[in-house]
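Residue strings, one per chain:
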Amino acid sequence: MRAGGDGATAIGNRSDGSSSGREYKLLEELSTVWKEHRITMVMVRDIFMYMDRTYVPQNRRRPVYDLGLYLFRRVVWERRIDDDLEETEGGGGGRGRLLALEQGEGKSDESPTLGNVTSLLLLRVVHQDRMDRLDDAPQRIALCKSLIHMLLELAHASGDSRGGAASAGANAIPVYERDFEEVFLGESQDFYRMESASRLSQGAGLGAAVDGAASSSVVPRDGVDNDNSFKPPAKYSAMEYVHHAQARLVEEKTRAALLDLPAQTRVNLMNIVETELIERHAKTLVEMEGSGFACILKVVAGSPAVGSVAAGSRVSMISGEGSSSDNNGVVVDHARIADLAAMYELFSRVPSSVNHLRDALSERIRLDGRSLVRDQETNVAPPAAFVKGVLAMRERFHAVVTEAMKGEKKAQKRMKEAFEDFLNADARAANCLAVYVDELLRVGLRGADERKVSSELDRAIVIFRFLADKDVFEAYYKSHLAKRLLGNKSGNEDAERAMVSLLKAECGYQFTSKLEGMFNDIRISKETAEKYRSHKKKSNNEVSNDSRDAENGDKPVDVEVSVLTTGYWPSQNVPPCILPPPVRAAMDRFQKYYLNTYTGRKLSWQTLAGTAEIRATFPPPKGSSKPRRHDLTVTTYQMCILVLFNNRDTLTLKQIREETQIPEDELRRHLVSLCTPKHRILKKGSKGKAISGDDDTFTYNSDYTSKMTKVKVPMVSMRDATASAKSDGAAGSSSAAAASSSTNTGLVDGSSTVPASVEEDRRHLLEAAIVRIMKARKMLNHNDLVAEVTKQLAGRFIPPPQFVKKRVESLIEREYLERDEADRRVYLYMA
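Residues numbered from 1 in each chain as written. Predicted model: local features only at pLDDT ≥ 70, side-chain atom pairs only at ≥ 80, totals over all residues. Heavy atoms only, no water.

Caption draft 1: Structural context of the overall build of the chain. Of the regular secondary structure elements, the chain holds 32 helices and 13 strands. Considering the chain as a whole, with its 831 residues, one finds that 48% of them fall into the buried category. Long-range pairs, those at least 24 residues apart, make up 73% of the contacts in the chain with a sequence separation of at least 6. Surface exposure of the chain reaches about 40,400 Å², of which carbon and sulfur atoms provide 49%. (Helix = DSSP H or I, 4+ residues; strand = E, 2+ residues; numbered from the N terminus. Buried < 20%, exposed > 50% of the residue type's maximum accessible area, 1.4 Å probe, protein only. Contact = heavy atoms within 4.5 Å. Areas by Shrake-Rupley, 256 points an atom, 1.4 Å probe, with all protein chains shown as cover.)

Caption draft 2: Looking closely at the environment of Pro580. Among the structural elements, Pro580 can be located in the loop between strand S3 (559-563) and helix H26 (581-597). For Pro580, a relative accessible area of 8% corresponds to the buried category. Apart from residues no more than four positions distant in its own chain, Pro580 is found in contact with Met639, Cys640 and Val643.

Caption draft 3: Quick look at the sheet that holds strand S12 (residues 817-819). If you trace the 3 strands from one edge of the open sheet to the other, you get S11-S13-S12, paired in antiparallel fashion. Both outer strands of the open sheet, strand S11 (779-781) and S12, are each paired with one neighbouring strand and no more. Each adjacent strand pair in this sheet contributes to an overall mean axis angle of 30°, direction not counted. One ladder, built from 3 bridges, connects S11 with strand S13 (residues 826-829); its direction is antiparallel. Considered in S13, the bridge of Leu780 is made with Tyr827. Each of S12 and S13 touches helix H32 (residues 801-813); the most contacted strand, S12, lies at about 100° to it. (Pairing = 2+ DSSP bridges. Axes fitted to C-alpha atoms, helices over the stretch in contact; angles between N-to-C directions.)

Caption draft 4: Main features of the pairing of strand S8 (residues 697-700). Pairing of strand S6 (residues 650-652) with S8 involves 3 bridges; the strand directions are antiparallel. The residue of S8 that forms the bridge with Leu651 is Phe698.

Caption draft 5: Structural context of helix H29 (residues 664-673). Most of H29 sits out of view: 7 of its 10 residues are buried. Listed in full, the buried residues belonging to H29 are Glu666, Leu667, Arg669, His670, Leu671, Val672 and Ser673. Contacts from the buried residues of H29 go to strand S4 (605-618), strand S5 (628-635), helix H27 (636-644), helix H28 (653-660), strand S7 (682-684) and S8.

Caption draft 6: Molecular detail of unusual backbone geometry. One non-glycine residue, Lys406, lies in the positive phi region at around 60°. Position of Lys406 relative to the elements: it lies in the loop between helix H19 (383-404) and helix H20 (409-423). Classification of Lys406 as exposed rests on a relative accessible area of 54%. Positioned with a positive phi, Gln661 is a non-glycine residue whose angle comes to about 60°. With respect to the element layout, Gln661 can be found in the loop between H28 and H29. The class for Gln661 is partly exposed, based on a relative accessible area of 44%.

Caption draft 7: Spotlight on the nonpolar core. Phe347, Phe419, Leu433, Phe473 and Tyr477 are the most contacted members of the largest nonpolar core, which totals 140 residues. The element contributing the most residues to this core is H19, with 12 residues. When neighbours within four sequence positions are excluded, Leu433 is seen to be in contact with Val387, Ala460, Ile463, Phe464, Leu467 and Phe473. Core analysis: the second largest hydrophobic core is formed by 48 residues, Val559, Val561, Cys640 and Ile662 among them. (Core = buried A, V, L, I, M, F, W, Y, C linked by side-chain atoms within 4.5 Å.)

Caption draft 8: Representation of the sheet that holds S6. If you walk across this open sheet you meet the 3 strands as S6-S8-S7, and the pairing is antiparallel. Each edge of the open sheet is held by one strand with a lone partner, namely S6 and S7. Strand-to-strand twist across the sheet, computed as the mean angle between neighbouring axes with direction ignored, equals 25°. Bridge count between S7 and S8: 3 bridges; the pairing is antiparallel.

Encoded structure:
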């Protein structure tokens with residue numbers, strides 16, 4: 001029932017056993033007298049029952065039993081006891097003791113009453129029980145219970161002996177509240193205030209703190225136990241304090257039940273204990289160095305990123321005991337979470353204190369999240385590592401909210417807001433998530449079962465929900481999806497469609513309509529390719545009659561075309577390069593077949609997205625007469641570059657540019673890819689990785705060797721490159737993508753800015769939304785229009801008010817809207 005009593009003492013208890021026995025004897029005698037008086041008054045009431053029913057109501061007199069209570073209060077409870085003490089104690093010791101107790105209430109000028117002394121002795125018993133120093137606790141608690149019942153019953157005795165029953169109720173003196181409850185609650189408050197302060201303070205400075213807190217005690221310092229048994233405790237950890245406070249709360253509740261305190265007293269008592277133990281020290285328990293809620297939360301969060309601030313300041317490693325790893329490999333320290341749950345359970349008794357826990361949770365998420373963002377800004381980790389770090393954070397903090405904070409709605413909201421805060425600082429998070437999903441669908445889910453696929457995609461969607469710039473994610477995701485589909489890189493087709501379905505469920509049909517159109521184009525392109533192959537077999541085109549095929553030994557190039565629908569696919573406004581004549585002839589044959597089959601259509605060739613497989617023949621090695629042959633899988637641009645070296649061994653950058661018409665950035669990137677140490681098909685004249693200028697030379701490397709017959713030449717990532725052309729190709733074919741041209745997307749992995757193409761789409765979406773709203777409402781003020789537009793576009797992006805204002809001004813200039821002459825902040829729709 002009791003917690004260890006190492007707190008400061010508000011009511012002292014002497015080590016003198018005889019004095020304690022006399023005080024306890026007084027309580028026993030009073031209880032015995034009260035019981036005898038009560039039995040006697042019941043008997044007298046029964047004798048005078050007729051008088052109580054007739055005479056008393058008619059003459060407005062006090063009932064017999066109530067009169068007995070009144071007399072007991074006046075004669076016994078309120079009796080001055082200084083003369084009686086001198087007689088019963090045979091000296092001044094007892095009187096001096098009780099007078100010393102009375103001085104604590106500021107009544108040194110009057111003799112104490114029996115009621116005063118009894119109340120103080122009751123408080124002493126309770127205090128000793130709290131300090132775990134009470135002998136025969138059950139018997140003494142039962143004795144206190146009977147005396148408290150006496151006090152409650154004495155409240156029926158009024159101060160006017162002729163007031164009658166009605167007057168007795170109106171003028172009843174609250175003996176219990178006046179003589180016991182008030183001082184009992186005050187003493188309880190002082191006791192727990194000093195005890196909590198002592199447990200959260202350093203032992204060296206504890207004495208002064210305790211003395212200062214004891215100044216409001218109902219008992220003076222002279223009554224404090226002077227046996228030197230009290231020693232200032234050392235500083236306790238936050239969790240030790242939490243467990244002690246929980247034990248104290250249970251103990252106090254049990255004691256109140258044993259004393260049979262009135263319901264209101266119990267409520268007031270528990271409020272005081274909770275205030276002193278919890279509310280007063282809530283912030284300290286959260287921020288306590290080494291053991292507070294924030295510190296434990298930091299350990300649970302783990303190390304969010306290599307080299308980050310959170311990783312560097314982590315106080316301890318997560319121990320294996322009590323920790324577990326879920327199916328995603330995220331370690332969750334359930335032992336620490338149990339500590340957090342204990343603190344939350346304690347704080348939840350005082351709802352306002354839980355705000356400190358929510359604040360600490362939110363701040364921890366923001367700090368760890370910003371450290372991940374800084375790692376991205378300084379290129380410490382790749383984009384996919386950023387998302388993996390966020391996912392690990394989310395797993396751990398979700399466990400904290402679910403297990404420690406019982407899934408509280410407010411905590412869930414604060415967690416969501418904290419993640420959104422750092423993820424939406426710029427467009428970087430949307431970019432990184434698209435890269436992560438791309439790696440997942442290309443490699444991560446290859447050969448995975450349905451359960452694994454569903455789990456991984458659901459985790460990605462959780463991060464997607466936090467994003468405000470969903471349209472930025474869509475742009476990057478569409479770009480990566482196009483490369484996977486065109487390069488046949490998708491590791492799991494079912495996972496691809498499952499991801500689109502999840503995005504559709506989150507954002508609606510409009511968000512995924514183009515993505516679904518891309519899948520449909522690939523399906524139709526495969527059917528078209530099959531039909532074209534059948535057409536060629538029927539036409540018996542094994543030997544070409546086109547003079548352009550002479551460079552290929554009069555054999556037609558096998559071309560495989562993906563026909564893409566304008567508007568579905570991300571395309572760049574890049575003019576086609578100059579293709580080798582045999583490839584150009586093959587493309588013309590396909591175009592003729594396609595336009596004859598599907599009338600009314602137009603093809604626009606996108607050579608940037610194509611791949612090719614070419615057979616390169618190198619001189620035989622020393623000691624051999626057999627030439628070396630390698631099948632090189634390259635991009636369309638690399639194919640165009642390599643074919644130029646059939647006729648010349650050395651070319652300058654300027655010559656290659658003029659003969660291929662490849663854009664400058666892409667030309668440099670593809671040339672560097674052909675000059676890497678591992679795949680040095682060409683030798684660069686200048687030293688270093690970069691190309692020095694137009695006069696830099698490139699020479700055919702006749703000494704190129706590889707252990708593999710089929711060699712895939714990878715693309716390098718050049719600084720300031722505007723797009724990636726890394727891709728695979730189908731064996732034995734040259735591939736190109738046909739699509740209509742569109743605006744330059746400007747998509748760069750790892751960029752924190754919104755792509756220009758997305759900005760342009762936002763302008764159109766915003767203007768369309770404004771016109772749609774104004775057409776329906778006819779008249780609307782500026783603030784309402786901003787709110788309505790934001791609500792409609794929240795599924796794709798959150799438009800800043802300044803951006804909305806600019807679009808409104810543009811629509812006014814183009815006479816879609818006009819301002820109201822009476823109020824310039826009100827807009828009118830112009831039909």
